[in-house]
Each structure stands twice: as structure tokens, then as C-alpha cells.
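Fold and geometry: a report
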Amino acid sequence: MTGNASLDPCHEPQTQALVLDEARARILSAVAPVGETERVALADACQRVLAEVVTARADVPAHTNSAMDGYALRAADAATPGTRLRPVGESFAGHPFAGTVGAGECVRIMTGAVLPDGADSVVMQERATVHEDGVAFDKAPAEGDNVRPAGEDIARGATVLAPGRWLTPADIGLLASVGAGEVSVHRRLRVALFSTGDELQPVGQALGPGDIHDSNRYTLRALLDGLGVIVHDLGIVRDTLEALEDAFARAAGCDALITSGGVSVGEADFVLDALRRRGDVGFWKVAMKPGKPLAFGRLDAALFFGLPGNPVSAMVTFMQLVRPALIRLAGAEPAPPLRVPLPLAAPVRKAPGRAEFQRARLLPGANGMAVEPLGHQGSGVLRSMSLADCFIVLDADCGDLDAGAVVSVEPFAQPVGA
Ligand code: AMP
Ligand code: MG
């Protein structure tokens, strides 16, 4: 199971909200990676976390080869442009030339084909003219021109990838290139998920008076799919202590439980009460907008994240706090948020007080990139989240800003592992 560290539980209501960085640090300090590993075929290894050192059993590329379609030759033989060299054979990818290139000779060669013995360079075919008595080159090559040496990408014996690596599509190709057909990875996480709220109806169900569709479960599920976890969807849970405790019991055996809604201090907010009865509450308020009511704790061996019900708040808190925790739980080290300074294409409105994540989109600007804040920033407004491709991250004490002011921008496409 998981080896999560102590949570420093606080059973009393927390009076001061935590700032985001502290909340993230406290969550991460309570998370240790799942220990179990398994061997999987390379084709199934993308988005898994490597649990072994992979070393190259051979050079990549395995042979010194041509980077161009053209002619392999000895550079010194073509030092005088126009000199004609005698073609003595061909080297195609997968079909090397068996002989040796001697003085005054050349070999027709294709990209990726093995450089024949004796040759030290390749002249691209655009610089060659074929005559009846030989091939002439209009440019003198230097030794090594258009040649890719064996082991240029990876030398035999070198570490290709280290444990804790979150495997990307490029990593899968890299592993294939060194002939690693199977790799050892951490087991996939099992994450339980439910929505709370008497007003919620599943998609496909007619809405009664005051009802809304449960969108958070779909958003969160899609976000979890992006992390390659196994999701246990526990559906919609009604706003009673009994229903919540029953749902907590159904999450047994999972590595984490994520809920949305019911974590404020309203009359129908029972998530914290249920967590206090069945597990430990780490903290439950974070000074960020959107997202303020948020619970973190533990339910037996599982990490517990009680996200706010507002659809944008649920997404933002997932991206800022849950995602890094799940990445560490899965065995990788979460990359710190990637933030870039960019000028505002339009003014921003903000009251000093809480740090804010405003939805925005990247635009080409006069001197490079700029960032445009998107209309309605209400925490229930998913539309602007759907249009956005980044957040503008504003410090707590920041107020209104004019167009042209430089702000910190966090693109949604973030690296997963460090
Ligand atoms: P709560 O945190 O339960 O007070 O909910 C805050 C707001 O988010 C309310 O307007 C809820 O109706 C809405 N909400 C809660 N859960 C969901 C959900 N799963 N999908 C969409 N909206 C939700
Ligand atoms: Mg609710």
C-alpha cells in the first residue's frame, strides 16, 4: 500500500487559510510513492513511472551512417570541385555496401544507410552531377560532413532513463531505440471519485426544479485519465453524513479519494464531518481564488482531497494541489509549476486579498507572446475555463492591472515529472 507520512491532523476548525505554496508543500510532504512495481510491455508503458535504471545495450545509432541522400567518399578526393569519382556501389538503409571505398571512388548512399568502410564523409546529391565517366561534386566536403557517428545519440552502457521518470511518448521511442521491450514501472494508482450534492443529476437524467447536471465528475475523471490512473467512479452522493460515510467505505482499497462539493461551512456541507469521523483532516482552507474551501486529509491508507463544488474551483484546485500529489504518489517527482512573465493584452480586475488564478489565453503580441484575460471569472463559469489555455497567476496583494503590465502566466500544458 502507500507509505504516506504523518498528516499532522488538526481536528479543530482552521482559522487562517493557508497560502497555496504552503498547502502544496504540506500535501507533498504527506505523500510517498506506491511501492509495488510490475513489468509491462513497452507499448503499455506510456504515462507509467519507471521503476528501474535502463541502460543502453548498444550504441544508438548502432552504425555510423549517412544523414543525407548522396555519395559517400573520402573528403580529400573531392577537395578540388569538379573532380570525378568512380561510383563503385550502393549503400541503402538495411543494405550496406560490402566493400571498401578506395581512392578516387564513391558509393551512392541513402539517409540512414551505413557509411561504407574507407569513406569519411557524404556529399548530398544536390551537389553532385553524374557523368558517363564519374560523379563530379561542386563543393569540397570536410571530413565528417553529413555523417552521424555510431553512439552519437546514446553510447553503449549509458543510462537512458532513471527511476522516477514519468514516461512520455518520446521516452517510449527512446526505450524502443535501445531495444528495451519491457520495463519495470510502479503500479497504476487507484483513485476513487464522487460528487456530493442533492441538486446533482447525472448526465442523461432529466433535471427537476433546482437540479443541475453533475459536471465535476466528468471534468475530474478526464483530468485523472490524463494521469493514467484507474478511476473508481462512485457516482453522486447525497448531502447526508450517512451517505458520505457509506461512500467513504466504498473507496476502501484505493490510493486516493477525490470528492467535490460540500466542503464549505454551509448547512448541507458534511464532507468534513464525515472525514473527521472516519479519518484525519490535514487542513481545509487555502487562500486562493477560485478554490478557497478545500479539504486535505487521510482516510485509512488513502489520501483524501475534498475539492470545492464550483466547477472552476474544482478544476483549479485539482491542477494546483491534487495533480502534484498524485504524480508523487505514482512514483515521479512533480515538476514545479512552469510560469512565464508575459504582458497583458487587456486590463485585469482584481481586489487585493487572495491569490487569484484568472483564466486567460495566449496570443501573439507585438514583441512575442501576450496574454489575454477571458471574460467572466466567476468560479462557476466553466465556459471561460474551456476557452482558456493558461492561468494568469496574481499575488494576494495585487490589485487591478492595466494592459501592458507584465504578469506571471501558467500554461495548462505543464510538464508532468521534474
Ligand atoms: P458546494 O461546494 O457543495 O457548496 O457547491 C458550490 C456550487 O457548486 C453550487 O452552486 C453547486 O451546485 C455547484 N456544484 C457542486 N457540485 C457540482 C458538480 N458536481 N457539478 C457541477 N456543479 C456543482
Ligand atoms: Mg453542495
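Owing to the predicted nature of the structure, the values given are computational and were not obtained by experimental measurement.

**Some points on the packing of aromatic side chains**
For the structure on display, the rule yields 7 aromatic pairs. Ring geometry for Phe296 against Phe305: centres 5.3 Å apart, planes inclined by 40°, an arrangement best described as tilted. Judged by relative accessible area, Phe305 falls into the buried class, the value being 1%. Here the aromatic rings of Phe391 and Phe412 are separated by 4.8 Å at their centres, their planes lie at 65°, and the arrangement is edge-to-face. Of this pair, Phe391 sits in strand E25 (residues 390-394) while Phe412 sits in the segment after strand E26 (406-411); the two residues are 21 residues apart in sequence, bridging distant segments of the chain. On the basis of relative accessibility, which here comes to 1%, the residue Phe391 falls in the buried class. Overall, Phe412 belongs to the partly exposed group, its relative accessible area being 24%. Of the aromatic side chains, those joined through ring pairs into one cluster are Phe194, Phe248 and Phe304.

**What about helix H6 (residues 311-329)?**
The sharpest bend along H6 comes to roughly 45°, located at Phe318. Positioned one or two residues after H6, Gly331 has a phi angle of 115°, which is positive.

**Let's talk about the domain arrangement of the protein**
The domain boundaries assigned to the protein delineate domain 1 (20-36 + 188-330), domain 2 (40-60 + 152-186), domain 3 (65-148) and domain 4 (340-411). Look at where the C-alpha atoms of domain 1 and domain 4 centre, and you get two points 26 Å apart. On the domain 4 side, the residues contacting the 15 residues of domain 1 number 13 residues. Carbon and sulfur atoms make up 68% of the area that domain 1 and domain 4 hide from each other, which totals about 1,300 Å². Between the two partners, domain 1 and domain 4, sit 1 salt bridge. Taking the shortest distance from any N to any O, the salt bridge between Lys289 and Glu356 comes out at 3.8 Å.

Procedures and definitions
- Residues numbered from 1 in each chain as written.
- Chains lettered and ligands numbered in written order.
- Predicted model: local features only at pLDDT ≥ 70, side-chain atom pairs only at ≥ 80, totals over all residues.
- Heavy atoms only, no water.
- Phe/Tyr/Trp six-rings, centres within 6.5 Å; stacked < 30°, edge-to-face > 60°.
- Buried < 20%, exposed > 50% of the residue type's maximum accessible area, 1.4 Å probe, protein only.
- Helix = DSSP H or I, 4+ residues; strand = E, 2+ residues; numbered from the N terminus.
- Bend = angle between axes of the 7 residues up to and from the residue.
- Domains from an automatic or database assignment.
- Contact = heavy atoms within 4.5 Å.
- Buried area = accessible area lost by both parts, 1.4 Å probe.
- Salt bridge = Lys/Arg side-chain N within 4 Å of Asp/Glu carboxyl O.

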